[in-house]
Structure formats: C-alpha cells, structure tokens
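Residues per chain, in single letters:
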Amino acid sequence: MSQSQHTIAGTVLTMPVVVRKADVHNAMFSVPAQAAQKLIDYSGLQVCQFRPGRAMVNLMLARYIDGDLGKYHEFGTSVMVNPPGSNAQGFKALGDAAAFIHHLPVDQSFTLEAGRTIWGYPKIMAEFRVREANPFSFEVSEGGALIASMEFARGLPIPSLRPRPRPLTSFTSLDGTLREVHSEMTNHGLRMRPGGVTLTLGDHPYARELASLDLPRRAMVSTSVNNVEMIFGDATVLR
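Report on the accompanying structure.

Rules and cut-offs
Residues numbered from 1 in each chain as written. Predicted model: local features only at pLDDT ≥ 70, side-chain atom pairs only at ≥ 80, totals over all residues. Heavy atoms only, no water. Pairing = 2+ DSSP bridges. Helix = DSSP H or I, 4+ residues; strand = E, 2+ residues; numbered from the N terminus. Axes fitted to C-alpha atoms, helices over the stretch in contact; angles between N-to-C directions. Buried < 20%, exposed > 50% of the residue type's maximum accessible area, 1.4 Å probe, protein only. Contact = heavy atoms within 4.5 Å. Polar contact = N/O pair within 3.5 Å; in protein donor to acceptor, adjacent residues only side chain to side chain. Phe/Tyr/Trp six-rings, centres within 6.5 Å; stacked < 30°, edge-to-face > 60°.

## A short note on the sheet that holds strand 8 (residues 127-131)
Alright, step 1. The four strands lie next to each other as 8-9-10-14, forming an open sheet whose pairing is antiparallel. Each edge of the sheet is formed by a strand with only one pairing partner; in this case those strands are strand 8 and strand 14 (197-201). This sheet shows a mean twist of 10° between the axes of neighbouring strands, independent of strand direction.
Alright, step 2. In this structure, strand 8 lies alongside strand 9 (residues 136-142), joined through five bridges in antiparallel fashion. Bridge pairing in strand 9 places R129 opposite E139.

The structure is reproduced here in structure tokens:
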C-alpha cells in the first residue's frame, strides 16, 4: 500500500510525520463541565465528566527540537471529550476519552500550514518567550497581546524502565470539519507533581476564553518530559 503524501510550502511530506525529539510541559485543570462544553459546542462533541459536573482541560507548551515539521514552539489548549456517541462519565471514562484541540498557537509558518492542512489543527502564528530556570516559565502572545504565561515548579522523577509508545487520539474542528487524529507518543524523563503551576492570563481573546472556564488557582497535576518522540498519521474526516 502506498503512503500518502502532502505538499506543504513546496516540501513533500510522506506520512506518517515523525517527531524525533521534543520536550513538553503540561498542566491539567478541573473546570466546570458546563463552561467547557460551551467552549467546544461548535465541535459537536461532548466533554468527558470525570466527576459529576467537572471536565478536564490541559494547557501545554511543546518545544519541537527535531522532526519532519522542523523546530518550533507550540501552546495547546485541549479539553478531554468522549468518543462520538459516548456519554461515559467517571474516572474510568478518562481512559477512553480523547483530547479536543481548541487552541494551538505556533511560531513557525511551515508547521502552521502543515497542521491546518493535514490534520485541521487550529494553529495561529504567535510569539514565545521561554525562561530556562527553576522554576521553568514561558509566555505566549499574538500581536503583542498576552495569551498566557505559566511557571512550572520542578516535579519528581517518575521511573520508567522501558518507555513504550502510547497510542493517542485527538479531535479537531476547523472551518466546520471534524477530524480524528491518531498518533503515538513515547516519553523519556517524565516528572510529575500535584499542582506546581502558576498561570497568568492576558488580554488576548484566547485568554478571555480561558478565563470563561473559571480555571482554579491550583492545577490538578503538572508534568514535564525532557524527551518526547511522536508519530502522526493522516486525519480521518468524520463530518
């Protein structure tokens, strides 16, 4: 079977797209399910209520160091949702839940075009400022307007004798088209801690959307991974 190809800015990408090295900082927040549902209603998907009336939102900074889409920064806002047709609830439901990608600012034009064209990721161009220190921190802005800044306290190392690829499913909705994306992730150097994040929102429209979620002062948990490998397949159009 022949592999699919996409031409992005004159460069031919043969699927799957591979990320050979990245690092990631992520924070998980418990938010009112009603507010999260209102934010993503346009997708036609249903948020996963891991507790009655509560949904999970992830805020993530990824720094792609070596991969088929080049070197770039990416800030993601995702909401955990049920697979289409499912009304599952509870912590067990999170095992089958997927990430719906709502915001995805990046700082390079090639990955912006590739992400929007191939997977329907809602990428926009943005500016990033990262401070390599303990605590680690970053700011993401667009056109001079701050979206968010986050500061991560250092977590405790989580031992893993043999990191294995973990299958992931995500959904995107761009220009009215809902897509499903399958990928694999392998993590090396995972650190984790309860809370551990200071979040500041700016005056960008994305910041106002995040504020509508009534994000708590304390994250449920924060993680960092110093070496992430990923493989992305083609998206499947659902509707």
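## As for helix 2 (residues 109-119)
Alright, step 1. Taken as a whole, helix 2 has its buried residues at F110, T111, L112, A114, G115, I118 and W119.
Alright, step 2. Directly beyond the C-terminal end of helix 2, a positive phi value near 75° is found at G120.

## Some remarks on the environment of R239
Alright, step 1. Locating R239 in the fold gives a position in the segment after strand 15 (221-237).
Alright, step 2. With sequence-adjacent residues up to four places away left out, R239 is seen in contact with S43, G44, L45, G176, T177 and L178.
Alright, step 3. Here the side chain of R239 touches S43 through a polar contact of 3.1 Å, landing on its backbone oxygen.
Alright, step 4. In terms of polar contacts, R239 uses its side chain to reach the backbone carbonyl oxygen of G44, at 3.4 Å.

## Things to note about the packing of aromatic side chains
Think of a pair of aromatic rings as described by two things: how far the centres are apart, and how the planes are tilted against each other in angle.
Alright, step 1. For the structure shown, the criterion picks out six aromatic pairs.
Alright, step 2. By the ring-pair criterion, three or more aromatic residues cluster together here, those being W119, Y121 and F232.

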